[in-house]
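Architecture and fold: a report
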Protein chains: 2
Amino acid sequence: MAERIAGPEIERLIQLLARLPGLGPRSARRAALHLIRKREELLGPLADALQLARERIITCSVCGNVDSCDPCMVCRDERRDGKLLVIVETVADLWALERAKAISARYHVLGGTLSPLDGIGPKDLNLARLPDRVVAEGVEEVILAVNATVDGQTTAHFVTELLGHLPVRITRLAHGVPVGGELDYLDEGTLAAAIRSRMDF
Amino acid sequence: MAERIAGPEIERLIQLLARLPGLGPRSARRAALHLIRKREELLGPLADALQLARERIITCSVCGNVDSCDPCMVCRDERRDGKLLVIVETVADLWALERAKAISARYHVLGGTLSPLDGIGPKDLNLARLPDRVVAEGVEEVILAVNATVDGQTTAHFVTELLGHLPVRITRLAHGVPVGGELDYLDEGTLAAAIRSRMDF
């Protein structure tokens, strides 16, 4: 924006909004104006919600999830099967599995993937406490729910070695045709995996 | 999200973020996690910026712009040509013209367009003070910088009648080929307007 259009308060708000994923400079301006227009219904409540999040949201010391209590609600939930531990890269992945109601298990959030090129090694991930956790909680199966990317698979192999000496079954997510997906649009790797892992009908 | 994944603080934050233009439920979740991850650099500053905006941002009683002072910085700017008054629909349009450094004039923000179908009449727009303002400020030219839509043009005609009795020149933005635009992609209306308003080369 040119100088002296609007006050520094609006400028600053736009700059910060533009740093949210999914918002560029243009949509950040639109969002700022929308907020100013909806001062009572949206701007105020959002300011309060952010303030509350700043004060209360913490990282769960057990699993790495984010919540307002530690351990988090997922770790506290007695109805979950404590023998199943799902390893995910991020909290977003944990949420995705929970939304899908895919499994009633506990989670371990790595906080990323091993990525030598980006200088991300084992010490940068939530890995140090994992073997102890598996032993202490009597986990029987560790499910590697990492992304099917090079970094994800590298990380999966590292976790497998890290837990290799423990009497625990290690599994990974199935590869195959996404439900609702069309073969014509799938890559060769996925199609080959779907054929290899074909099942009786 | 399913029940008991994350605390109510995160849920509330996601719900509010999803109400920003340009963010849906999925990107709101991503934005919330991004904010939580960048607590010091982004979440805190954004909470402060919103709080400041809530306290300070007001609507300019002269032109309808938003700023932290009244009259706003645009209205206070003595270097602008007070004889030119640009009528815009929204503050976003005012900002767009300022970013383009298109003109050094004052503005009058209507706050929308006349839209009988949506029940928006003259009383819902910032129109009542416009004739007095034109007289009091000695405006010589009113530039209708409204959108080239049906509602925008309806509004332009209404403003023209509203100011018809005043000794003021009323102009509108030129229609034509957008700079950088390709003829092949333009609609017939724009091409016809560009031909009609052709200029010596």
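What counts, and at which threshold
Residues numbered from 1 in each chain as written. Chains lettered and ligands numbered in written order. Predicted model: local features only at pLDDT ≥ 70, side-chain atom pairs only at ≥ 80, totals over all residues. Heavy atoms only, no water. Pairing = 2+ DSSP bridges. Helix = DSSP H or I, 4+ residues; strand = E, 2+ residues; numbered from the N terminus. Axes fitted to C-alpha atoms, helices over the stretch in contact; angles between N-to-C directions. Core = buried A, V, L, I, M, F, W, Y, C linked by side-chain atoms within 4.5 Å. Buried < 20%, exposed > 50% of the residue type's maximum accessible area, 1.4 Å probe, protein only. Contact = heavy atoms within 4.5 Å. Right-handed = clockwise from strand over helix to strand, strands pointing away. Expected span 1.5 Å × (residues − 1). Least-squares fit on C-alpha atoms with pLDDT ≥ 70 in both. Buried area = accessible area lost by both parts, 1.4 Å probe. Salt bridge = Lys/Arg side-chain N within 4 Å of Asp/Glu carboxyl O. Polar contact = N/O pair within 3.5 Å; in protein donor to acceptor, adjacent residues only side chain to side chain. Patch = residues over 30% accessible without salt bridge, like charges linked within 9 Å, V, L, I, M, F, W, Y side chains within 5 Å. Areas by Shrake-Rupley, 256 points an atom, 1.4 Å probe, with all protein chains shown as cover. Lys, Arg positive; Asp, Glu negative; His and termini not counted. Charge placed at Lys NZ, Arg CZ, Asp CG, Glu CD.

Observations regarding the sheet that holds strand β5 (residues 141-144) of chain A
Residues and elements named next belong to chain A.
- Read across the open sheet, the four strands follow the order β4-β3-β5-β6; overall the sheet is parallel. Each having just a single partner strand, β4 (105-109) and β6 (169-172) make up the two edges of the open sheet. Averaged over all neighbouring strand pairs, the angle between strand axes comes to 25°, with direction disregarded.
- Bridge count for β5 against β6 is four bridges, and the pairing is parallel. The residue of β6 that forms the bridge with Glu141 is Arg169.

Things to note about the nonpolar core
- Core analysis: the biggest nonpolar cluster contains 80 residues, and Leu17, Leu50 and Trp95 of chain A together with Leu17, Leu50 and Trp95 of chain B have the highest contact counts within it.
- Once residues within four sequence positions are removed from consideration, Leu50 of chain A is found in contact with Leu13, Leu35, Leu43, Leu46, Ala47 and Leu50 of chain B.

Digging into the pairing of β5 of chain A
All names here are of chain A.
- The two faces of β5 match: Glu141 and Ile143 on one face and Val142 and Leu144 on the other face are all buried.
- When strand β3 (residues 81-88) meets β5, the two strands line up parallel, connected through four bridges. What sits directly across from Leu84, in β5, is Glu141.
- Note that the unit made of β5, helix α7 (residues 150-162) and β6 has a crossover that is right-handed.

A word on helix α3 (residues 39-56) of chain B
- The end-to-end C-alpha distance of α3 of chain B is 24 Å, a good match for the 26 Å that 18 residues give at a rise of 1.5 Å each.
- For α3 of chain B, the full list of buried residues reads Leu42, Leu43, Gly44, Pro45, Leu46, Ala47, Ala49, Leu50 and Ala53 of chain B.
- In the core, the buried residues of α3 of chain B are packed alongside α1 (8-17), α2 (25-37) and α3 (39-56) of chain A together with α2 (25-37) of chain B.

Quick notes on the relation of the copies chain B and chain A
- Least-squares fitting of chain B to chain A yields an RMSD of 0.0 Å, with the transformation described by 0.0 Å of translation along the axis and a rotation of 180°. Here the symmetry operator amounts to a two-fold rotation axis. Closest approach to the rotation axis within chain B is made by the C-alpha atom of Ala47 of chain B, at a distance of 2.6 Å.
- Most of the interface of chain B is mirrored in chain A, where 100% of its interface residues are also at the interface.

As for the interface of chain B and chain A
- Chain B puts 58 residues into the contact, and the matching count from chain A is 59 residues.
- Both faces considered, chain B and chain A share a buried interface measuring about 5,800 Å² in area, 67% of it formed by carbon and sulfur atoms.
- Joining chain B to chain A, the criterion identifies four salt bridges.
- Counting across the interface, chain B meets chain A through 14 residue pairs in polar contact (both at pLDDT 80 or more).

Things to note about a positive patch on the surface
- Where like charges cluster on the molecular surface, the positive patch consists of Arg12 and Arg19 of chain A together with Arg37 and Lys38 of chain B.
- Relative to the assigned elements, Lys38 of chain B resides in the loop between α2 and α3.
- In this structure Lys38 of chain B comes out as partly exposed when scored by relative accessible area, which is 31%.

Description of the pattern of salt bridges
- Within the structure shown, the criterion is met by 14 salt bridges over all chains.
- Residue Asp48 of chain A is joined to Arg54 of chain B by a salt bridge in which the shortest nitrogen-to-oxygen separation is 2.8 Å. With Asp48 of chain A in helix α3 and Arg54 of chain B in helix α3, the pair connects residues from two separate chains.
- Taking the relative accessible area as the measure of exposure, Asp48 of chain A reaches 41% and is therefore partly exposed.
- For Arg54 of chain B, a relative accessible area of 25% translates into the label partly exposed.
- A salt bridge links Arg79 of chain A to Asp77 of chain A, with the shortest nitrogen-to-oxygen separation between them at 3.3 Å.

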